[in-house]
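Spelled out, the chains give:
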Amino acid sequence: MWINVSQLFKEAVGSTREYEVNETVDVGDSSYEVQGDVRLLRTGRGILVKGILYTGVEVTCSRCLSLFNCPLTLSIEEEYLPTIDIEGGTPLPLPKESGYFTIDEQYVLDLTEAIHQYVMMAIPMKPLCHEDCAGMCPTCGHNLNQGPCDCLPQGLDPRWADLSGLTVTNDMK
Ligand SMILES: [Zn+2]
Ligand SMILES: [Zn+2]
C-alpha cells in the first residue's frame, strides 16, 4: 500500500492529505482486504499517518475450532521519517529511538508493514466465532453450534444419568 508523499513534503508543516483506502494488502502469504480513511500530516521531521482501517482475517475459533472471518478495526497512528533529503537527495540521519517507519528514496510511504503489525496486534488471543459459541463436545468433538450430540453432559456420571430427570422434578415444586 503505497502513497507518494513527495508533494506533501514540499508543503508547510501542518499540511494534510486525506486518502481513502480500499485495497488488498499482501504480506507474505497473507492478504487483507482493507477499507477506511487515513490522514497524512506533514510534521517537522516527517509524516504522521492517522486513520481507522477495517479488515478481517480468517482465524480458528478457540472454542469450536471452526474457521471464521474475524473483523478487525485498526486504529493506526504512525510516524514516517524520510531517509534522504527531498531537496539535495543526501542521506538523512535517523533518530536513535525506535517506533517509526521510513519513507524510501522515491518519497513513497509504504503502509503495508504497519497494517501487518496492527493486524497482528488486533487478532484476539482467544478468538470466538460468536460471543455465545457453544463450543465442542469434549467426548466426541461434535461442534455444538450445529446442535447437540448423543453424549452425556460433561461431568455427569453415567450411573446417575437415569436420575437426572429427578432434579428437574424437584425444581418444579
Ligand atoms: Zn466457535
Ligand atoms: Zn459428543
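Heads up: these notes are all about the structure in this document. Computed from a predicted model, the values in this text were never measured in an experiment.

1. Focus on the coordination of the zinc ion (ligand 1)
The protein atoms donating to the zinc ion (ligand 1) are Cys61 (SG), Cys64 (SG), Cys129 (SG) and Cys133 (SG), with metal-donor distances spanning 2.2 to 2.3 Å. Counting the intervening residues between successive donors of the zinc ion (ligand 1) yields the motif C-x2-C-x64-C-x3-C. Judged on exposure class, the residue Cys61 and its partner Cys64 are both buried.

2. Notes on the coordination of the zinc ion (ligand 2)
Any two of four tetrahedral donors ideally make an angle of 109.5 degrees at the metal, while pairs among six octahedral donors ideally make 90 or 180 degrees. Ligation of the zinc ion (ligand 2) by protein atoms is provided by Cys137 (SG), Cys140 (SG), Cys149 (SG) and Cys151 (SG), these donors lying 2.3 Å from the ion. Of note is the zinc ion (ligand 2), whose 4 donor atoms meet at the metal with angles of 103 to 114° in an arrangement that counts as tetrahedral. The sequence motif formed by the donor residues of the zinc ion (ligand 2) is C-x2-C-x8-C-x1-C. One end of the pair, Cys137, is in the loop between helix 2 (112–122) and helix 3 (164–171); the other, Cys151, is in the loop between helix 2 and helix 3, with 14 residues separating them in the sequence.

3. What to know about unusual backbone geometry
For residues besides glycine, phi is generally negative; the peptide bonds are generally trans as well. Phi is positive for Leu65, close to 65°, though the residue is something other than glycine. Here Leu65 falls in the exposed class, since its relative accessible area comes to 53%. You will see that Tyr107, though not glycine, has its phi angle at about 60°, which is positive.

Conventions and cut-offs
- Residues numbered from 1 in each chain as written.
- Chains lettered and ligands numbered in written order.
- Predicted model: local features only at pLDDT ≥ 70, side-chain atom pairs only at ≥ 80, totals over all residues.
- Heavy atoms only, no water.
- Donors = N, O, S within 2.8 Å, 3.2 Å for Na, K, Ca; no water.
- Buried < 20%, exposed > 50% of the residue type's maximum accessible area, 1.4 Å probe, protein only.
- Tetrahedral: all angles 85-135°; square planar, octahedral: opposite > 155°, others 65-115°.
- Helix = DSSP H or I, 4+ residues; strand = E, 2+ residues; numbered from the N terminus.

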